[in-house]
Amino acid sequence: MTVYVIDDHPLMRDALTMLVHRVKPGLKIIPIPKLNVVESTVEKNGAAELFCLDLQLPDTLGMSGVQLLKAKFPDVPLAVVTSSSASEFEERCLEAGADVFIEKSNSPTQIIAALRSLLITEEDADDEAPSTAGPTKLSKRQKQLILMLDQGLSNRDIAEKLSISEHTVKVHFWRLFRRLGVNSRTQALHFARTNGWLGI
C-alpha cells in the first residue's frame, strides 16, 4: 500500500514524507505536484492507503480537490494538509468527505498524531473483526469514546484527557459512527445504551 502526498511545493512534500515515515516506517510514499495526474500515478505505483492533499493546487479550486478524490477513491482515507485556516475550511472539508483537516502551521507532533489515526492499523484490526450480529466488537479507544460521550465531554475535553489532537478525536468519532451505522453523538449513545455497552 502507498501514501500519496499531493502538494505543489517540493519542501512541503518532503516535510510530509518525513512525518509519514515517522508515523509508519517503511511505507511507500509518492509525491504528486498536481491533482490531474493522481489517477495515472496510482495506476503506476499501486493502491493508495492514504492521500495527503493540499487545498491550494494549480488545478483545484476550493473543495474541488477533496470532492474529486472522494469521488474517484471513496474508500481511501483523505487528510487535508493545508495553509488554509481551519475556521474557514475544516467543516467544509469534512462535509466533503475528508477524514481529517490539518493546518500546516501545526507542530510536527500534532500533524503526526492526526496522520497516525489514519495509518495505524491496530484499531482497524479490532474494528474489522467478523461479526454476524452487527457491530458488537469495539476497540479499546472506541469504548473510551462511548464512555466520554456519556459524560457529556466535548471534543476538546476528550483530546486533553487522551493527550491527542482534536483532529484525531474527530477521526475516531467518524470511524465509530461508521462502525455503528449512526450519524451523531446522540444516536451513538442511544445505540450504546440499547446494547448495554455503557455498563462495561
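As shown above, the structure is provided for reference.
Residues numbered from 1 in each chain as written. Predicted model: local features only at pLDDT ≥ 70, side-chain atom pairs only at ≥ 80, totals over all residues. Heavy atoms only, no water.

Asker: How should the packing of helix H9 (residues 166–180) against helix H10 (residues 185–194) be read in this particular structure?
Answerer: If you want to describe how two helices pack, look at the angle between their axes and the distance between the axes. Between H9 and H10, the shortest axis-to-axis distance is 10 Å and the interhelical angle comes to 55°. Put simply, H9 runs oblique to H10. As for how H9 packs across H10, the hand of that crossing is left-handed. Residues Phe173, Phe177 and Leu180 of H9 pack against Arg185, Ala188 and Phe191 of H10. (Axes fitted to C-alpha atoms, helices over the stretch in contact; angles between N-to-C directions. Helix = DSSP H or I, 4+ residues; strand = E, 2+ residues; numbered from the N terminus. Parallel < 35°, antiparallel > 145°, perpendicular 65-115°, else oblique. Left-handed = near helix turned anticlockwise from the far one by under 90°. Contact = heavy atoms within 4.5 Å.)

Asker: Which parts of the structure should I look at to understand the nonpolar core?
Answerer: One broad trend across soluble globular proteins is that nonpolar side chains are buried collectively. Grouped together as the largest cluster of nonpolar side chains are 24 residues, with contacts concentrated most on Ile6, Val38, Phe51, Leu69 and Cys93. Leave out the neighbours within four places in its chain, and Cys93 touches Leu55, Met63, Val66, Val80, Ala98 and Phe101. Listed in part, the 22 residues of the second largest apolar core include Leu27, Ile29, Leu50 and Ile112. (Core = buried A, V, L, I, M, F, W, Y, C linked by side-chain atoms within 4.5 Å. Buried < 20%, exposed > 50% of the residue type's maximum accessible area, 1.4 Å probe, protein only.)

Asker: Even after reading the chapter, I still don't get helix H5 (residues 108–119), so can you show me in this structure?
Answerer: Because the α-helix completes a turn every 3.6 residues, residues three or four places apart line up on one side. For H5, with twelve residues, the first-to-last C-alpha span of 16 Å sits near the 16 Å given by 1.5 Å per residue. Within the span of H5, buried status applies to Ile111, Ile112, Ala114, Leu115, Ser117, Leu118 and Leu119. Of the surrounding elements, those touching the buried residues of H5 are strand S1 (2–6), helix H1 (10–23), strand S3 (48–53), strand S4 (78–82), strand S5 (100–103) and H9. (Expected span 1.5 Å × (residues − 1).)

Asker: Would you take a moment to explain the packing of helix H7 (residues 140–150) against H9 for this structure?
Answerer: Relative orientation of the contacting elements H7 and H9 amounts to 95°, with a least axis distance of 10 Å. One way to sum up the angle between H7 and H9 is to call them roughly perpendicular. Each of Arg141, Gln142, Leu145, Ile146 and Leu149 in H7 lies in contact with H9, whose residues at this interface are His172, Phe173, Arg175, Leu176, Arg179 and Leu180.

Asker: Help me understand helix H8 (residues 155–162), please; the structure alone is not making it clear to me.
Answerer: Buried residues of H8: Asn155, Ile158, Ala159 and Leu162, and no others. End-on, the buried residues of H8 take up no more than an arc of 100°, which puts them together on one face. Relative to its buried face, H8 has exposed residues pointing more than 90 degrees away, namely Arg156, Glu160 and Lys161. Where H8 is buried, its residues meet H7, H9 and H10. Directly beyond the C-terminal end of H8, a positive phi value near 60° is found at Ser163. (Arc of directions from axis to C-beta.)

Asker: Can you help me understand the packing of aromatic side chains in this one?
Answerer: Any aromatic ring pair is given by two values, namely how distant the centres are and how the planes are angled relative to each other. Counted according to the given criterion, the structure contains three aromatic pairs. A ring pair is formed by Phe173 and Phe177, whose centres lie 5.8 Å apart and whose planes are at 35°; its orientation type is tilted. Placement of both Phe173 and Phe177 in helix H9 is noted, with a separation of four residues, approximately one turn of the helix. By relative accessible area, which is 4% here, Phe173 ends up buried. By relative accessible area, which is 15% here, Phe177 ends up buried. Through a chain of ring-to-ring contacts, the aromatic side chains of Tyr4, Phe51 and Phe73 assemble into a single cluster. (Phe/Tyr/Trp six-rings, centres within 6.5 Å; stacked < 30°, edge-to-face > 60°.)

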